Amino acid sequence: MRTAGRVARLRERFDELKVDAVVVSSEANVRYLTGFSGEGWAVIDGETTLVTDGRYTLRAEREAPGLQVVCRNGSMRDVVVDRLKRGGATRVGFEADHLTVNARNDLKRGLRGIGLVPLAALQRAARMIKDAREVKLLRQAIAATDAAFGAVCKDLAPGMTEVDLALEIERQLRLAGADGAGFPSIVAGGPNSADPHAEPGRRKLRLTDNVKLDFGGVLQGYHADLTRTVFLREPTRKQREIYSVVREAQRRAIAACQPGVLGKDVDAAARDTIREAGYGEAFSHGLGHGVGLEIHEGPGLGHTSQDVLQPGMLITVEPGIYLKGWGGVRLEDIVLITPKGCEVLTKAPKLDLG
Ligand code: ZN
Ligand code: ZN
């Protein structure tokens, strides 16, 4: 089974983590380590046990064949505690950035003499580097997202609301082969596009708008992420100017994407370009992030990121300029870090404004 190697690599780290068992509770890590996509926890010591409930029994058998699956009737806590005790655990790691304080305290009461060890960012480093199957799924999710963008652009017209467009995006993602939208689509027209994470509303698109679309399909848990800013007619001088700066910032950042480079240095390539053009204050977020089983995962591409780029990483490169009252422009592509540099996986067209 393909996840067995991942569990084996985690077990190899038990000494370093000072644990002899781990309780995995986050959806993405459970999926990464067991293949199971429903709700449940995994207990890993010498063996791996998936604890879920009756809603997911069939799915667990299908997605995690060969694993011990326990279908709980009572509380998750009771089943997990019982399982850990039977396994002889003495120090149990848990996901510190996922388990709630209440759930952790509850577990602690059940485990009594057994130590609970908070583990931060469990599997973050492992999940940053994608294997061949993951890259293939991400390529497919990205291709479906590109296709949905092409289809949506054909219908784009003044008078549509942002909500109309968001619905159409989600429909087109499924038609293009994605399992659905991986996160709530951002559709922002005119002044709304000045808000980097705007939610689609009832405002009707106008001929003069910047229309910022940020969306992505998900395929077997793997997330694509695409941003394009489009215009409904010939862009004005100001629209052209801002778009060109963002596009150049993105171009320089992508040129900086190579193995061995720090996340913060890729961020700086884009940020310096925008600052030199006089819009430094208007680029108000980090340059990008890893994508995978979560829409935002490691590595980070912010201005303080010490993450080192390595072959097999997939990252977004998404500079933007946001001017309150006027609007915003963002462009976002996904690149795969390769042994020699990078490959841009996103194929959705951009405007060439010279
Ligand atoms: Zn995005
Ligand atoms: Zn993104």
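Residues numbered from 1 in each chain as written. Chains lettered and ligands numbered in written order. Predicted model: local features only at pLDDT ≥ 70, side-chain atom pairs only at ≥ 80, totals over all residues. Heavy atoms only, no water.

Thoughts on the overall build of the protein chain
Broken down by element type, the protein chain carries 11 helices and 19 strands. Along the first, second and third principal axes, the C-alpha set of the protein chain runs to 70 × 40 × 35 Å. Summarising the internal contacts of the protein chain: among those between residues at least 6 apart in sequence, 66% fall at separations of at least 24. Of the side-chain charges in the protein chain, 50 are positive and 46 negative, and the distance between the mean point of each set is 0 Å. (Helix = DSSP H or I, 4+ residues; strand = E, 2+ residues; numbered from the N terminus. Contact = heavy atoms within 4.5 Å. Lys, Arg positive; Asp, Glu negative; His and termini not counted. Charge placed at Lys NZ, Arg CZ, Asp CG, Glu CD.)

What to know about the coordination of the zinc ion (ligand 1)
Protein coordination at the zinc ion (ligand 1): the donors are D214 (OD), D214 (OD), D225 (OD) and E332 (OE), at 2.0 to 2.5 Å from the metal. Read from N- to C-terminus, the donor residues coordinating the zinc ion (ligand 1) fall into the pattern D-x10-D-x106-E. The metal-metal distance between the zinc ion (ligand 1) and the zinc ion (ligand 2) is 3.1 Å, with D225 coordinating both. Placement of D225 in the loop between β11 (222-223) and β12 (226-231) and of E332 in the loop between β17 (327-330) and β18 (333-337) is noted, with a sequence separation of 107 residues between them. Taking the relative accessible area as the measure of exposure, E332 reaches 0% and is therefore buried. (Donors = N, O, S within 2.8 Å, 3.2 Å for Na, K, Ca; no water. Buried < 20%, exposed > 50% of the residue type's maximum accessible area, 1.4 Å probe, protein only.)

Re the packing of aromatic side chains
Applying the stated criterion across every chain, the model contains two aromatic pairs. On the basis of an interplanar angle of 85 degrees and a centroid distance of 6.1 Å, the ring pair of F36 and Y56 is categorised as edge-to-face. Highlighted residues: F36 in the loop between α3 (27-34) and β2 (41-44) and Y56 in the loop between β3 (48-53) and α4 (57-63), separated in sequence by 20 residues. Assigned by exposure class, F36 and Y56 land together as buried. Of note, K238 hangs over the ring of W326, and the distance from its end group to the ring centre comes to 5.7 Å. (Phe/Tyr/Trp six-rings, centres within 6.5 Å; stacked < 30°, edge-to-face > 60°. Lys NZ or Arg CZ within 6 Å of the ring centre and 35° of its normal.)

So, the domain arrangement of the protein chain
Accessible area lost upon the coming together of the parts is a frequently used measure of interface size. Under the domain assignment used here, the protein chain contains domain 1 (2-122) and domain 2 (128-344). For domain 1 and domain 2, the distance between their C-alpha centres works out to 34 Å. Tallying the contact residues gives five residues for domain 1 and eight residues for domain 2. Between domain 1 and domain 2, a total of about 520 Å² is buried, with carbon and sulfur atoms accounting for 51% of that surface. Between D131 and R6 there is a salt bridge; the shortest N-O distance is 3.0 Å. Where domain 1 meets domain 2, there are two residue pairs in polar contact (both at pLDDT 80 or more). Per-element accounting of the side of domain 1 that touches domain 2 gives the leading share, three residues, to α3. Looking at the side of domain 1 that touches domain 2 residue by residue, the class counts come to two nonpolar, no polar and three charged. (Domains from an automatic or database assignment. Buried area = accessible area lost by both parts, 1.4 Å probe. Salt bridge = Lys/Arg side-chain N within 4 Å of Asp/Glu carboxyl O. Polar contact = N/O pair within 3.5 Å; in protein donor to acceptor, adjacent residues only side chain to side chain. Nonpolar A, V, L, I, M, F, W, Y, C, P; charged D, E, K, R; others polar.)

Let's talk about the coordination of the zinc ion (ligand 2)
Around the zinc ion (ligand 2), the protein contributes the donor atoms D225 (OD), H289 (NE2), E318 (OE) and E332 (OE), which lie 2.1 Å from the metal centre. Taken together, the four donor atoms coordinating the zinc ion (ligand 2) and their angles of 77 to 152 degrees define a geometry best described as irregular. Here the donor residues of the zinc ion (ligand 2) share one chain and are spaced in sequence as D-x63-H-x28-E-x13-E. (Tetrahedral: all angles 85-135°; square planar, octahedral: opposite > 155°, others 65-115°.)

Here we look at the sheet that holds β3
Taken in spatial order, the six strands line up as β4-β3-β2-β1-β5-β6 in an open sheet, and their pairing is mixed. Among the strands making up the open sheet, the edge pair consists of β4 (68-72) and β6 (115-119). Taken pair by pair, the neighbouring strands of this sheet meet at an average axis angle of 25 degrees, ignoring direction. When strand β5 (residues 91-95) meets β6, the two strands line up parallel, connected through five bridges. Across the sheet, R91 pairs through a bridge with G115, a residue of β6. (Pairing = 2+ DSSP bridges. Axes fitted to C-alpha atoms, helices over the stretch in contact; angles between N-to-C directions.)

Brief notes about the pattern of salt bridges
Under the counting rule described, the total for this entry stands at 28 salt bridges. For E248, the salt bridge identified is with R251, shortest N-O distance 2.8 Å. Here R251 and E248 lie together in helix α10 (residues 237-256), a separation of three residues that amounts to about one turn.

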